[in-house]
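Per-entry structural report
Chain by chain, the residues run as shown.
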Amino acid sequence: MKYPTFLVAIASSSTVVNAHTVFTTLFVNDVSQGDGTCVRMNMNPQQCTDPIAGIDSDDMACGVSGAQPVAFTCPAPAGGKLTFQWRLWADAEQPGALDISHKGPCAVYAKPVKDMATDSAAGPGWIKLWEDGYDDATGKWCTEKLIDNNGLMSVDLPQSLPGGNWLFRPELLALHNADKGDPQFYTGCAQVFVQSSSTTPLEVPTEYSVSIPGYVQADDPGLTFNIYSPQFPYTMPGPKVYEPTSPATIAASSSKVTLKQTEGKLPSTYLIKNANWIGVEVADYSTEDGCWEASSACYDQAATCYDSAPPTGSANCLVWEQKCDGINAACSAGDFNGPPNKGEKLVSKDPAPPEDIPEPVSAGGSKKIRGVQRRRVKRAAWRLP
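What you see is a predicted model; the values in this text were computed from it and never measured.

Let us look at the overall build of the protein. Scanning the protein for helices and strands turns up six helices and 18 strands. In the protein, which comprises 385 residues, the share counted as buried stands at 50%. Of all intrachain contacts in the protein linking residues separated by at least 6 positions in sequence, the fraction that spans at least 24 positions is 79%. If you sum the accessible surface of the protein, you get close to 17300 Å²; carbon and sulfur atoms cover 52% of it.

And the structure:
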């Protein structure tokens, strides 16, 4: 009898919650890309929901661990819709997005990058695509609307964004301790390949292009605002929202061929995915040695899955490990022809996404999360591995 050579202590990596929040999941046109997939996030499960330690830190760009790229970059069409999910517990062990006391504004920034693996997230080149602060009509802060929307915030991808690699950076600012000099920023980044026929770089006016860190200062009114004795109107931190040039004005410089993604693509041959790890079928075998070699190779993949799992969890690593157990059992039983169920997709154990996805901001409408217009998610979408 042969056994796997590793043991995984799942309990030791359980996510700890402290009433903060973390960006965990990207949706493209209402379809979840999978927990942690294409998302740069703090890889420490004990600290992943903590706010950024200081506004001068490079962590302000994409969060702690955000300087490190992840394996996959999710495709999204220009003119499409991105939705960002925030959770109180990264692995959705318990429900919730953010404690109600953490009132404040939200924003979404974006930065084009030529090379997702080597270009720096921190530094110049960021533009703000969307923001929402305090809504006089409803008497709610953006973070309160986020809670109402089950931790989801949606934005339109401008039709005129050039094709290629982009970092999209959702941001929350909690002001519950701002009167004590402690504004709390929460952020992360999604790696996205924008599918567009336009390759002409945006010509962004200086006042709209900022460096992160450096785009906010400690004494900015938006960072010192006292939510307990508020003096409205609230001044949004950072630059003004930039609205890219309309498609009509860039048509002459755009081809009719959509730029194709060549790096960071999710291969079609994978059997299951856990964040930015994928399980691929083991080699065919017809001998005892080949069977045990396949078993070992399968468990090696499982070990890599567990080792690389972000705070969103390792549920699909366990699904893969169970496949390895099946190969191991077949070898032990003298069945040396395999692998069993060759090429069969495995069923994902990612948490089901919320059923209702908030609508993005319309091109000519208010730049706010719409709390009443929603789109129901097709339940089948989240079942894909």
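Next comes the rest of the account.
Here the focus is the pattern of salt bridges. Opposite charge on two side chains permits pairing when their charged atoms draw close. Evaluated as defined, the whole model comprises eleven salt bridges. The shortest N-O distance in the salt bridge between Glu131 and Lys128 comes to 2.7 Å. Here the two residues Glu131 and Lys128 agree in accessibility, since each one is buried. Where Lys342 meets Asp284, a salt bridge forms, and the shortest distance between an N and an O atom there is 2.8 Å. Of the two residues, Lys342 sits in the loop between helix 6 (315-332) and strand 17 (356-358) while Asp284 sits in the loop between strand 16 (277-279) and helix 5 (288-308), which places them 58 residues apart along the sequence.

Here the focus is the sheet that holds strand 2 (residues 31-32). Pairing in this open sheet of four strands is antiparallel, and the strands run 2-1-5-10 from one edge to the other. Each edge of the open sheet carries a strand with a single partner, namely strand 2 and strand 10 (152-156). With five bridges connecting them, strand 5 (residues 81-87) and strand 10 associate as antiparallel partners. Within strand 10, the position partnered with Phe84 by the bridge is Met153.

Each pair of packed helices can be summarised by the angle the axes make with each other and by the distance between the axes. With their axes 9 Å apart at the nearest point, helix 5 and helix 6 run at an angle of 165° to one another. Looking at the two axes, helix 5 sits roughly antiparallel to helix 6. Here helix 5 runs over helix 6; the crossing is left-handed. For the pair helix 5 and helix 6, the contacting residues are Cys291, Trp292, Ala294, Ser295, Cys298, Tyr299, Gln301, Ala302, Cys305 and Tyr306 in the first and Cys317, Leu318, Trp320, Glu321, Lys323, Cys324, Asp325, Ile327, Asn328, Cys331 and Ser332 in the second.

This part covers unusual backbone geometry. Here the residue pair Ile212 and Pro213 is connected by a cis peptide bond, since its omega of 5° sits within 30 degrees of zero. Relative to the elements of secondary structure, Pro213 occurs in the loop between strand 14 (210-212) and helix 3 (221-224). Note that the residue after Gly338, namely Pro339, is joined by a cis bond; omega there is 15°. With respect to the secondary-structure elements, Pro339 resides in the loop between helix 6 and strand 17. You will see that Ala275, though not glycine, has its phi angle at about 60°, which is positive.

Let us look at the nonpolar core. Core analysis: the largest hydrophobic core is formed by 40 residues, its most contacted members being Leu26, Leu82, Phe84, Trp86, Met153, Phe168 and Leu172. Sequence-distant contacts of Phe84, that is, excluding residues within four places in its chain, are made with Phe23, Thr25, Leu26, Val108, Gly151, Leu152, Met153, Val155, Phe168, Pro170 and Ala190. One finds Ile55, Tyr109, Cys189 and Ile212 within the second-largest nonpolar core, a separate group that totals 27 residues.

For Ser211, the position within the fold is in strand 14. Given a relative accessible area of 28%, Ser211 falls into the partly exposed group. Considered as a pair, Ser211 and Ala122 are 89 residues apart in the sequence and their alpha carbons are 7.3 Å apart. The contact partners of Ser211, leaving out residues within four places of it in the chain, are Gly123 and Pro124. Of the polar contacts made by the side chain of Ser211, one reaches the backbone oxygen of Gly123; its length is 3.5 Å.

This brings us to the environment of Ala67. Among the structural elements, Ala67 can be located in the loop between helix 1 (59-62) and strand 4 (74-77). When the C-alpha atoms of Ala67 and Cys189 are compared, they prove to be 9.7 Å apart, with 122 residues separating the residues in sequence.

With that settled, consider the state of the cysteines. A full pass over the atoms with the stated rule returns six disulfides. The partner cysteine of Cys106 in its disulfide is Cys142, sulfur to sulfur 2.1 Å. Disulfide Cys106-Cys142: torsion about the S-S bond near -115°, hence left-handed. In this pair, Cys106 sits in strand 6 (residues 106-112) while Cys142 sits in helix 2 (residues 142-148), placing the two residues 36 residues apart along the sequence. Indicated for the protein is the disulfide connectivity 1-3, 2-6, 4-5, 7-12, 8-11, 9-10, based on numbering the bonded cysteines in sequence order.

Our next topic: helix 6. Over its 18 residues, helix 6 runs 26 Å from end to end, which matches the ideal 26 Å to within 8%, given 1.5 Å per residue. Looking at helix 6, one finds that the buried residues are Asn316, Cys317, Val319, Trp320, Lys323, Cys324, Ile327, Asn328, Ala330 and Cys331. Its buried side turned inward, helix 6 meets strand 15 (272-274), strand 16 and helix 5. Of the residues one or two after helix 6, Gly334 is the one with positive phi, at around 85°.

Along any regular strand the residues' side chains alternate between the sheet's two faces. In terms of burial, strand 11 (residues 164-174) is largely enclosed, as eleven of its eleven residues are buried. Direction of pairing for strand 6 relative to strand 11: antiparallel, over a ladder of seven bridges. Within strand 11, the position partnered with Pro112 by the bridge is Trp166. Alignment of strand 11 against strand 13 (residues 189-195), held across five bridges, turns out to be antiparallel. Each residue of the ladder has a partner; that of Trp166, found in strand 13, is Val192. As paired elements, strand 11 and strand 12 (residues 184-187) share four bridges and run antiparallel to each other. Paired with Leu172 across the strands is Tyr186, a residue of strand 12.

Cut-off values and rules
- Numbers given to residues run from 1 along each chain, matching the order in which its sequence is written.
- Residue-level local features of this predicted model are given only where pLDDT is at least 70; pairs of side-chain atoms are given and counted only at 80 or more, and the full residue set underlies all totals for whole chains, interfaces and linings.
- Only hydrogens and water are removed before side-chain values are computed, so all heavy atoms of the structure are retained for them.
- Secondary structure elements follow DSSP: runs of H or I of four or more residues count as helices, runs of E of two or more count as strands, with numbering from the N terminus.
- Only protein chains enter the accessibility calculation, which uses a 1.4 Å probe; a residue whose area is less than 20% of its type maximum is buried, one above 50% is exposed, and one in between is partly exposed.
- Here, two residues are considered to be in contact whenever any of their heavy atoms come within 4.5 Å of each other.
- Each accessible area is a Shrake-Rupley result for a 1.4 Å probe, and residues are judged covered by the shown protein chains and nothing else.
- Criterion for a salt bridge: a side-chain nitrogen of Lys or Arg within 4 Å of a carboxyl oxygen of Asp or Glu.
- Between any two strands, at least two bridges found by DSSP are needed for them to pair.
- Axis definition: a line fit to C-alpha positions, over the contact stretch in the case of helices; interaxial angles, taken between N-to-C directions, run 0 to 180 degrees.
- By the definition adopted for this analysis, an angle is roughly parallel if under 35 degrees, roughly antiparallel if over 145, roughly perpendicular if from 65 to 115, and oblique otherwise.
- Handedness of a crossing follows from how the near helix is turned relative to the far one, being left-handed for an anticlockwise turn of less than a right angle and right-handed for a clockwise one.
- Buried residues of nine kinds, namely Ala, Val, Leu, Ile, Met, Phe, Trp, Tyr and Cys, make up a nonpolar core once their side-chain atoms join them within 4.5 Å.
- In protein, a polar contact means a hydrogen-donor-capable atom and an acceptor-capable atom, both N or O and within 3.5 Å, with residues adjacent in sequence counting only if both atoms are side-chain atoms; elsewhere, any N or O pair within 3.5 Å suffices.
- Note that a disulfide, as used here, is simply two cysteine sulfur atoms within 2.5 Å.
- How far a helix is expected to stretch is found by multiplying one less than its residue total by 1.5 Å.

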